[in-house]
Structures are given as C-alpha cells and as structure tokens.
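Architecture and fold: a report
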Amino acid sequence: MKLDPTTIAALANRLERCQIEARDTTKITDDHPEMDWDDAYAIQDEILRLKLARGLRVAGLKAGLTSFAKMKQMGVDTPVFGFMTDDYAVPDGGECRIAELIHPKVEPEIAFVTKTALRGPGCHIGAVLAATDFVLPGIEVIDSRYRDFKFDLKSVIADNTSASRFVVGGRARPASELDLRTIGIVLEKNGEPVAFGAGAAVLGHPAAAIAALANHLGRRGQEIPAGTLILSGGITEAVAVKAGDSVTLKVQGLGSTGLRFV
Ligand code: OOG
Ligand code: MG
C-alpha cells in the first residue's frame, strides 16, 4: 500500500459523491500516480463501507474487462472486479432514470447465480459450473465517474469498475444444459440490433470470469458465497444510451431481458 487511510477515505468519498450527484471527475491516478493495486481495491472497499453505512445491501458481484472487445475499447488488458448494491437493480422491463447517471452505457452479459460457495486460489471452470445454480441474461449499465470514460486499471478498480445499474431476467437455466461458449447474444437498442457476440468472447468461456473472481477474492481471504448473482462481463463493446432509449438483450435459449431509459 502506498496511500494512507486518510487519503483512501478521501478518494472513496470523492468517487461516492460523484456517483450520488451524477457528476464526473478526473481519474485519481492523476493525483496519486504512486497508488498500487491494493490501494485501488481498498478505495473500492471503502466505497462499499460508505454504501452499507447508508443502509444499502450487496446485491451481487461483477467481473469486468473480461472480453477482448471491452479491453480494446477501454485500452486495458486485465479483468477487474467489483460489486453491485441493491439500489442498482432495475426490474426486468423497468425504467432507469438518466438524470441519476453521468454518461451511461449498456453491456450484454451472462449472469450466474451460485448454489454453493466458490473459493480460490485454484478455482477453475469446472468448479464454477458445479457451483452454478443457473445462468440468465443480464444487462449491466456502466457509468464511469471519470470524465469521458477515460481511466487506467487502478482508477477504474477504485471506482468500483464503473458499476451503476443492472437488470437480469429471461429464462434461468442450469449451465449444464448449455454450451456457454457458443451461446449467441443480440443486443438491441430501440428495436435495432446494435451488438452481437458469443459467450466465448468472455475469456474463452464466461465461467472463466467467475473463476477469476473467486481466485481474486481468495487472494484477499474472501469467497463467493452461495446464492450470489455475478455478472461475468460485457461480451461486446459497451453501447451509449440516452433518455428515450429502450434496450433488450436476447440470449440463445435464455430468452431476453431489457430496460428503458427515461
Ligand atoms: C469498466 C467496467 C467494465 C465489463 O463488463 O467489461 C465492465 C468500464 O468499461 O467502464 O463492467
Ligand atoms: Mg460489465
């Protein structure tokens, strides 16, 4: 760790205020180029602490930057991990208020729900599939607190990996019934297909993103508990949205989920 607890708390507070007030900020590595990975996750942990203190609950976990399309779009090369709180959940087919966000984008993802705990190190796709209760379509709404979505890995980790809203829905099915590598997805905006892909875009197999999360948590003495909803990461580039847009994700064999921006 390179940053002291006071600086970590101040940076967490700055990012949390930006989220609450829907305004952007410069990336924090501009002011603290010396910060390391532990500092970045410590700032994210402090944001979680602030949210829990406001009465929010953890609704799920996420992996991000798990596809080549996303890594290329954001100019980075390693997956990142974050959390979602219950105020991020949009009901299937529900509304998401643009005024509460800075510059939202949507991502098509495969969501996993665990039935048993997963603990790394050494977690792999087989262990993830054995621990998965079901998978279902999920759309993540990301909203980086950084100006123009410009960040480096440490800054985006500190910013809880741009997490802001999510919706899951469609048909929940056991992963054993599907080949998650070849499963096709279509993301539609206002009825027009805007992004397409297959599950293998995410680290070769979306379950690999869940294994990477378990291994990341394992290094920090934590695990993925049973009954956890996890977003495995955007399969395609993220797509910008504005008020009036309606977004639907169709996943082969899993039906669809969607939301409207108002
Ligand atoms: C970081 C979050 C990326 C994903 O699914 O790849 C992410 C960002 O691009 O702002 O959630
Ligand atoms: Mg995502």
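For clarity, every value in this text was computed on a predicted model and none was experimentally measured. (Residues numbered from 1 in each chain as written. Chains lettered and ligands numbered in written order. Predicted model: local features only at pLDDT ≥ 70, side-chain atom pairs only at ≥ 80, totals over all residues. Heavy atoms only, no water.)

1. Let's talk about the packing of helix 1 (residues 5–21) against helix 2 (residues 37–53)
Across the interface, helix 1 lies against helix 2 with an axial gap of 8 Å and an inter-helix angle of 60 degrees. With respect to helix 2, the axis of helix 1 lies oblique. Along this stretch, helix 1 crosses helix 2, giving a crossing that reads as right-handed. Counting all contacts with helix 1, which are made through Ile 8, Ala 9, Leu 11, Ala 12, Asn 13, Leu 15, Glu 16 and Gln 19, the residues of helix 2 involved are Asp 39, Ala 42, Ile 43, Glu 46, Ile 47, Leu 50 and Lys 51. Tallied by class, residues from the contact of helix 1 with helix 2 come to 9 nonpolar, 2 polar and 4 charged. (Axes fitted to C-alpha atoms, helices over the stretch in contact; angles between N-to-C directions. Helix = DSSP H or I, 4+ residues; strand = E, 2+ residues; numbered from the N terminus. Parallel < 35°, antiparallel > 145°, perpendicular 65-115°, else oblique. Left-handed = near helix turned anticlockwise from the far one by under 90°. Contact = heavy atoms within 4.5 Å. Nonpolar A, V, L, I, M, F, W, Y, C, P; charged D, E, K, R; others polar.)

2. With respect to empty space enclosed by the protein
Counted under the stated rule, the structure contains 1 cavity of 30 Å³ or more. Each pocket or cavity is described by its volume, and for the largest cavity that value is around 120 Å³. Lining the largest cavity are 17 residues, with Leu 65, Lys 70, Glu 107, Ile 142 and Thr 161 positioned closest to its centre. For the lining of the largest cavity, the elements supplying multiple residues, two or more each, are strand 1 (58–64), helix 3 (68–74), strand 4 (105–114) and strand 5 (132–142). In terms of residue count, the dominant contributor to the lining of the largest cavity is strand 1 (3 residues). (1 Å grid on protein atoms, 1.4 Å probe; cavity = no way out; pocket = protein on both sides within 12 Å on 5 of 7 lines; lining within 4 Å. Points joined across faces, edges and corners; volume = space filled by probe spheres on them.)

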